[in-house]
Amino acid sequence: MFLESVEAENFLSYKKFKMGLEDQGLVLIQGDNRDDPAYDSNGAGKSSSFEAIVHTIYGKTMRGLKGDDVINLDAGKGCMTALNCRDDSGAKYRVERYRKHKTGKNNVFIYRNDENITPKSTKDADKFLAELFSIDFQTFTNSIIFGQGDEIARFSTASDSEKKDILEKILEMTVFKSAQEEAKARLAEKATAISTNERNTSQALGLIDEYKSTLEKLRDSERTHLADIEEQMTLMKAQHDLHESESVKLAAQATDYETEAEKVEVKLSEVNEKLEKYKKVQELIDRQNSIVTSSKVEIRHFNSELVTLKDEVTKLKNGEGTNCPACGQEVTAETVKPSIDHTTAKMREIMIKRKATQEKLEKDELILDGLKKKLAGKDTLEQEKNDIVGELSELKASIRVSDEKLRNIESKKKTTLELIERLEKNRDKTYKPLINEKEQQLADKEKFVEELTTQRRELVKEAELIEFWVSAYGNSGVKSYLLDSVTPYLTQRANYYAGKLCGNTVEIIFSTQKQLKSGETRDKFEVQITNTVGGASYLANSTGERRRIDLAISLALQDLVMTRSKGKLNVLLYDEAFDGLDATGCENLIQLLQELSTRVGSIYVITHNDALKTFFDNQITVVKENGETQLVVA
Ligand SMILES: Nc1ncnc2c1ncn2[C@@H]1O[C@H](COP(=O)(O)OP(=O)(O)OP(=O)(O)O)[C@@H](O)[C@H]1O
Ligand SMILES: [Mg+2]
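Residues numbered from 1 in each chain as written. Chains lettered and ligands numbered in written order. Predicted model: local features only at pLDDT ≥ 70, side-chain atom pairs only at ≥ 80, totals over all residues.

S.K.: I'd like a description of the site of ligand 1, backed by residues and values.
M.R.: Around ligand 1, the surrounding shell holds 13 residues, and the nearest of these are S13, N42, G43, S47 and S48. Of the residues forming the shell around ligand 1, the biggest block, three residues, is contributed by helix α1 (residues 46–58). (Near = placed C-beta within 6 Å. Helix = DSSP H or I, 4+ residues; strand = E, 2+ residues; numbered from the N terminus.)

Next comes the structure, spelled out in C-alpha cells:
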C-alpha cells in the first residue's frame, strides 16, 4: 500500500493538518512548543502527527488513546483523521475515522475510487482495514513505526509466543490458521463421509451375507426340487416302462386270445358244419317219423274199420230170423248173405290194404331205424359244440378283459406321460427366477460395495491428504518451515544492523529451536542476544544498548516486511528512536537511513538529537502555539 497523505481535524493537539507521505525522502520532524517556555520541543505535537496515521488505521493511538479521548480538548468535537492511499493496482483509497463529528458521527468511512465501500459495522470496518493494509497494530508498531507509547509491545521484550505471533503475522501465517481450520472442517466432512461409507458398506455386506444365505437356501431348494423331480421322473419313467411292457404283454395276450378264438371259431364252424348234417338227418327222421306215424294211423284206421265191419257181419248174422224193419220180411241167412259177403269182401279188401300198409310201415320203420342210427354221435358233438362255445365265450371275455386292461394301461400311460411332461415343465420353472433375481441383487450389492470400497479408498486418500495439510498448516508444518526459513534471514539482517549500530559486540540470533541443558533441542521460537562486552541477555544491557538492539531488530523486521508482497508500506516512522545513541551510533544510523531511503519512499524521523539534525535535507517543524499545533514545512 502506498500512503499518499495523512489529514487530521481536531485530533489531539491539532486543529487541522495535512501531511504528504509519498516520496518525501528522509524527513526530520522537529518541534517548537511556543506555548510553554519550560519546553522547547516537548509537547509540540510531533508524535501526534504519526498518531494520526495509526489512529486512522487502527482506531487507537500508540499511547493507548481511543474513542473520544483523541478529540482535541479545545474543540471538544468534530474530530477526524484520514489517510489517502492507493494499492498496487492503482486503486485509490480514502479512509476517514470520525469522533463526535457533525456528519461523520463516530463512524469510519472507506472509499475506493470515490465509491463508499464501508462495511456495515465499525468492527467490520476495522477488520477490513487490517486486511487492506495487511498489517496488524502490533506488527505495524514493531516494523513500520518505531514509536513512543504504552501500547507498543516491543519485539525484544515481547514473550517468545508474542514474537512468534508478530513474525507469523508478517509472514501472513494467520492464513494457515484459517486454512487449517478449513482443512479440519473438510477432514471432519471426510470423516463423516467415511463413517457413512463404512456404515453403508457394513449394511451392504450384511445384505450380501443375507442374499448369499438366501441364495444358498434357494439353490438347496432348487437341488432338492430337481432331485425330487428327477426321482419322480425316474419313478414315472419306470412306471411308464412298466405300463409299456404290461401293455405289450397285454397286447400279445390279446393277440394270443384272438388267435385262440379264431382257432376255436374254426373248430366251432367245423362242429356246426357237422351238426348241420345231423340236422338234415333229423329232418329225414322227422319226415320218416311222420310217414311211419301216418302208416300207423292208417293201420289203426283199418283196424277200426275192420272192427266195425266185423261188428256188421256179426250184426247181420245175429239178424237172421228177424223181420226186416224196412220191408218187414223175415230175414234169412240168404237174405243177409250178400250183405255178409259184401262186408266180408270189404273186410278182405281192407285187410289187404292194411297188410300193404303194415308192410310199408315196417319198411319205413327200418328206414327210420337206419336214419336214427345215423344220429349217433350228435349229442357228443353238441356237447363238444357247447364246450367250444363256452371256450369261445371265455376267450372273448378274456379278450374284453385284456382290452379293458389295455385301455386302462393306455390311460395310465397317458397320465404318466402327462406327469412326465409336467415334471419337465416344472424342472424349468422352479426356483430359477428367484435365484436369478437374488443373484442380480447380490451382483448389484457387490458392485455397490466395490464402488463403496473405491469411494472409501478415495475418501481415505483424500482424508490422508487433508490430514497432511492439517498438520502442514499446523505449528510443526509449513509455519515452522517458514519460520525456519526466515530466521537465518532475520539473524543476518539484525546482525547487519547491530553491526552498524553497536559495532561487532552484539550478536542477535533468531532461532526456532531451543537448546536444552541436556543437549536436546525443543521447538521454541526465541531471540538470543549476546553482548561480548556487556550483559548476557537483552535485559542485562543498558538503555542505550537496548535501543540499538531494538532498532537493529526493528530494522530487520522492516526488511522482512518489505520483502513481502503484502503489508509493506512506502513510509517508515521513527519517533525518538535514535535519541539514546552516541555520536558514532548516530553516524552509523544516518548511513543506514540513507541506505533505507533508497528503497522506502519516505522516512520520517523525530529526534531531539541535534547531532542527527544536520544530516536531513527535508524538515518539518511542528509548531504549537495557543494550544494548537501546526505543521511548518521547511
Ligand atoms: N486531546 C488533546 N487535546 C489537546 N491536546 C492534547 C490532547 N491530548 C494530548 N494533548 C497534548 O498534545 C501535545 C502534543 O503531544 P505530542 O505527544 O505530540 O508531543 P511531542 O511533540 O511528541 O512531545 P515529546 O517531544 O515530549 O514527545 C501535548 O502537549 C499533549 O499534552
Ligand atoms: Mg513525542
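S.K.: Outline the packing of helix α5 (residues 174–318) against helix α8 (residues 432–473), supporting the account with residue identities and numerical values.
M.R.: One can describe the packing of α5 onto α8 by two numbers: an axis separation of 7 Å at closest approach and a directional angle of 160°. Classified by the angle between their axes, α5 and α8 sit roughly antiparallel to one another. Note that α5 runs across α8; the crossing there is left-handed. Of the residues belonging to the contact of α5 with α8, the class tally is 27 nonpolar, seven polar and 13 charged. (Axes fitted to C-alpha atoms, helices over the stretch in contact; angles between N-to-C directions. Parallel < 35°, antiparallel > 145°, perpendicular 65-115°, else oblique. Left-handed = near helix turned anticlockwise from the far one by under 90°. Nonpolar A, V, L, I, M, F, W, Y, C, P; charged D, E, K, R; others polar.)

S.K.: Give a detailed account of helix α11 (residues 583–597), specifying residues and quantitative values.
M.R.: For α11, with 15 residues, the first-to-last C-alpha span of 21 Å sits near the 21 Å given by 1.5 Å per residue. All of the buried residues in α11 are G585, C586, L589 and L593. One side of α11 holds all its buried residues, which, seen down the axis, span an arc of 95°. With respect to the buried face of α11, the exposed residues turned more than 90 degrees away are A583, T584, Q591 and E595. Buried residues along α11 sit against β3 (25–33), α9 (478–502), α10 (543–563), β12 (602–606) and α12 (610–613). (Expected span 1.5 Å × (residues − 1). Buried ≥ 20, exposed ≤ 12 C-beta atoms within 10 Å, placed from the backbone. Arc of directions from axis to C-beta. Contact = placed C-beta atoms within 7 Å.)

S.K.: Give me the lowdown on unusual backbone geometry, citing residues and values where you can.
M.R.: Even without being a glycine, S134 presents a positive backbone phi close to 50°. As for its placement among the helices and strands, S134 is situated in the loop between α2 (122–133) and α3 (137–143).

S.K.: So what's going on with the environment of L275? Which residues, and what values?
M.R.: Looking at the secondary structure, you find L275 in helix α5. With 95 residues separating them along the chain, L275 and G370 place their C-alpha atoms 18 Å apart. If we ignore the near neighbours within four places in the chain, the residues touching L275 are L381, E382 and K385.

S.K.: Tell me about the nonpolar core, and please be specific about residues and values.
M.R.: Ranked by internal contacts, the top residues of the largest apolar core, which has 99 residues, are A494, A498, I508, A552, A556, L573 and Y574. Ranked by residue count, the leading element in this core is α10, at nine residues. (Core = buried A, V, L, I, M, F, W, Y, C linked by C-beta atoms within 7 Å.)

S.K.: A description of α2 should follow, citing residues and the corresponding values.
M.R.: In a regular helix each residue adds 1.5 Å, so 12 residues correspond to 16 Å; α2 covers 16 Å between its end C-alpha atoms and thus fits that length. Restricting attention to buried positions, one finds in α2 the residues A125, L129 and F133. Taken down its axis, α2 places every buried residue within 55° of arc, on the same side. Of the exposed residues in α2, the ones pointing more than 90 degrees away from its buried face are K123, D124, K127 and E131. Elements in contact with the buried residues of α2: α1, β5 (92–99) and β6 (108–112). Taken from the residues just after α2, S134 is the one with a positive phi, measuring 50°.

S.K.: Explain the packing of α5 against helix α6 (residues 333–374) to me, and be specific about the residues and the numbers.
M.R.: The description of two packed helices rests on the angle between their axes and on the distance between the axes. Between α5 and α6, the least distance of the axes is 8 Å, while the angle of their chain directions is 160°. Taken together, the axis directions place α5 and α6 in an arrangement best described as roughly antiparallel. Of the two elements, α5 crosses α6, and the hand of that crossing is left-handed. When its residues are assigned to classes, the contact of α5 with α6 shows 20 nonpolar, eight polar and 14 charged.

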